[in-house]
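Structural overview
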Amino acid sequence: MIVTGVPPLVNTSPVWRRAWHPVAHAEEVTAGAPLQVLVAGEAWVIARFDGRLAAFEDRCPHRLAPLSAGQITTGGDGTARLSCAYHGWRFDGTGRCDLIPSLGRHGKISKRARLRAAYGVAEAYGLVWLAPEEPLAPLPAFGEWGAPGMTGARARTVRTRAGAGQLVDNFLDAAHFPFVHAASFGVSDGEPLQAGEVTTSSWRLTGVFDTPYRDGGVVVTHRVTKTSGPNGTAHVRLDLPHVTIAILLACLPEDADTTRVFKLITRGDIDGDAGKLERFIKEEDQILAEDLAILERYRCSLLPLDPHAEVHTRADRLSVAWRRLMADAAAQALSEPGEASEPGEASEPGEASEPGEASEPGEASGPGEPGG
């Protein structure tokens, strides 16, 4: 299905409300203090209530003060409560107000004195995840995290003015490797880049292709499997002849101007070697820095979803398919939860149309020859 006239994807697009987002490292949400996080320009407060995570819109229903400025206290029954710093209103882990100091302990509390909860909050892979509304797809999977033989680590978490959509699109793209990543793993051999196989299943997009890779000064051909969905997260598995590497890039669109980037990495040949793990983390930090060096040069952080807005080639097949998925998700985000249809219903099941099908291989398609 080709969707034209679709607004570009920005960090405050409504579609982000229907997705799971990484909002913090697990250790950032402590038992003693609430934490404010931003998702698509909206503030949420996350807190641990007796070990259980809860997330609410970050404003007290009284005077709309940010609850993240308050504190976690213990009620008379010994359970945790979230207290507002402005007038002391107190809420339990379900968002119900059980104390308004100005009314006294026996004052009648309005039913409207209740916090609006997020659809879901969860902890996975050492991160806290939040879904403002019913998500179109499940929490992103990262099967290699904690798998036998795989060593997991956290690369440097950064904030950037690049958009979450730009970052995922970049992560799915491979044609930039020889240029943006020339100093790390990119290989310039003059050969055409394989378009590979791209499939969709429900809201899950998968691309598989082979490409050269420079690892430790040795150039090898490796199998790349990339997956993503209608969210700011993408997974890549690199199967090299001597090792498997898997990465989860999880991008939080905080507001119109900032994205927080969480990068979780795993590798199968660390075997307890601290020095090797440190080098691996350093290499992955460098790769992200190389991507940001070009993405942050853009004057604006929007990502076009209209296929006529840019010129595509066959090498862009995966990223164009993801843009199509996000265009479908953007349309579904405006529908009522439960009314969402499957993405790309007009397309053949499990098949992503190829950019520039009317062109010769390697030839760019223009506005008259939509690439996707």
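This text gives an overview of the structure that appears in the document. (Residues numbered from 1 in each chain as written. Predicted model: local features only at pLDDT ≥ 70, side-chain atom pairs only at ≥ 80, totals over all residues. Heavy atoms only, no water.)

What about the overall build of the chain?
When you go through the chain residue by residue, the secondary structure sums to four helices and 18 strands. Across the chain, contacts joining residues at least 24 apart in sequence account for 61% of those joining residues at least 6 apart. Of the roughly 16,900 Å² that the chain leaves accessible, carbon and sulfur atoms contribute 51%. (Helix = DSSP H or I, 4+ residues; strand = E, 2+ residues; numbered from the N terminus. Contact = heavy atoms within 4.5 Å. Areas by Shrake-Rupley, 256 points an atom, 1.4 Å probe, with all protein chains shown as cover.)

Considering the sheet that holds strand S10 (residues 127-131)
The three strands lie next to each other as S1-S10-S9, forming an open sheet whose pairing is antiparallel. The open sheet terminates on both sides in strands that have one partner only, identified here as strand S1 (21-25) and strand S9 (120-124). On average, adjacent strands in this sheet sit at an angle of 30° to one another, irrespective of strand direction. (Pairing = 2+ DSSP bridges. Axes fitted to C-alpha atoms, helices over the stretch in contact; angles between N-to-C directions.)

Observations regarding the pattern of salt bridges
Counted according to the given criterion, the structure contains 20 salt bridges. The residue Arg323 makes a salt bridge to Asp169 at a minimum N-O spacing of 3.0 Å. Taken together, the residues span a long stretch of sequence, with Arg323 in helix H4 (residues 317-333) and Asp169 in helix H1 (residues 164-172) at a distance of 154 residues. Taking the relative accessible area as the measure of exposure, Asp169 reaches 12% and is therefore buried. Residues participating in the shared-partner salt-bridge network are Asp77, Arg81, Arg90 and Asp98. (Salt bridge = Lys/Arg side-chain N within 4 Å of Asp/Glu carboxyl O. Buried < 20%, exposed > 50% of the residue type's maximum accessible area, 1.4 Å probe, protein only.)

Observations concerning the nonpolar core
Taken as a class, soluble globular proteins show a tendency for nonpolar side chains to be buried jointly. Residues Leu9, Val23, Ile46, Trp129, Leu130, Ile245 and Trp322 are the most contacted members of the largest nonpolar core, which totals 75 residues. Of all hydrophobic cores here, the second largest spans 18 residues; its members include Val45, Leu67, Cys97 and Ala113. (Core = buried A, V, L, I, M, F, W, Y, C linked by side-chain atoms within 4.5 Å.)

Side note on the side chain of Asn170
Secondary-structure assignment places Asn170 in helix H1. Taking relative accessible area as the criterion, Asn170 reaches 11% and is therefore assigned buried. Those residues in contact with Asn170 that lie beyond four places of it in its chain are His176, Asp291 and Leu295.

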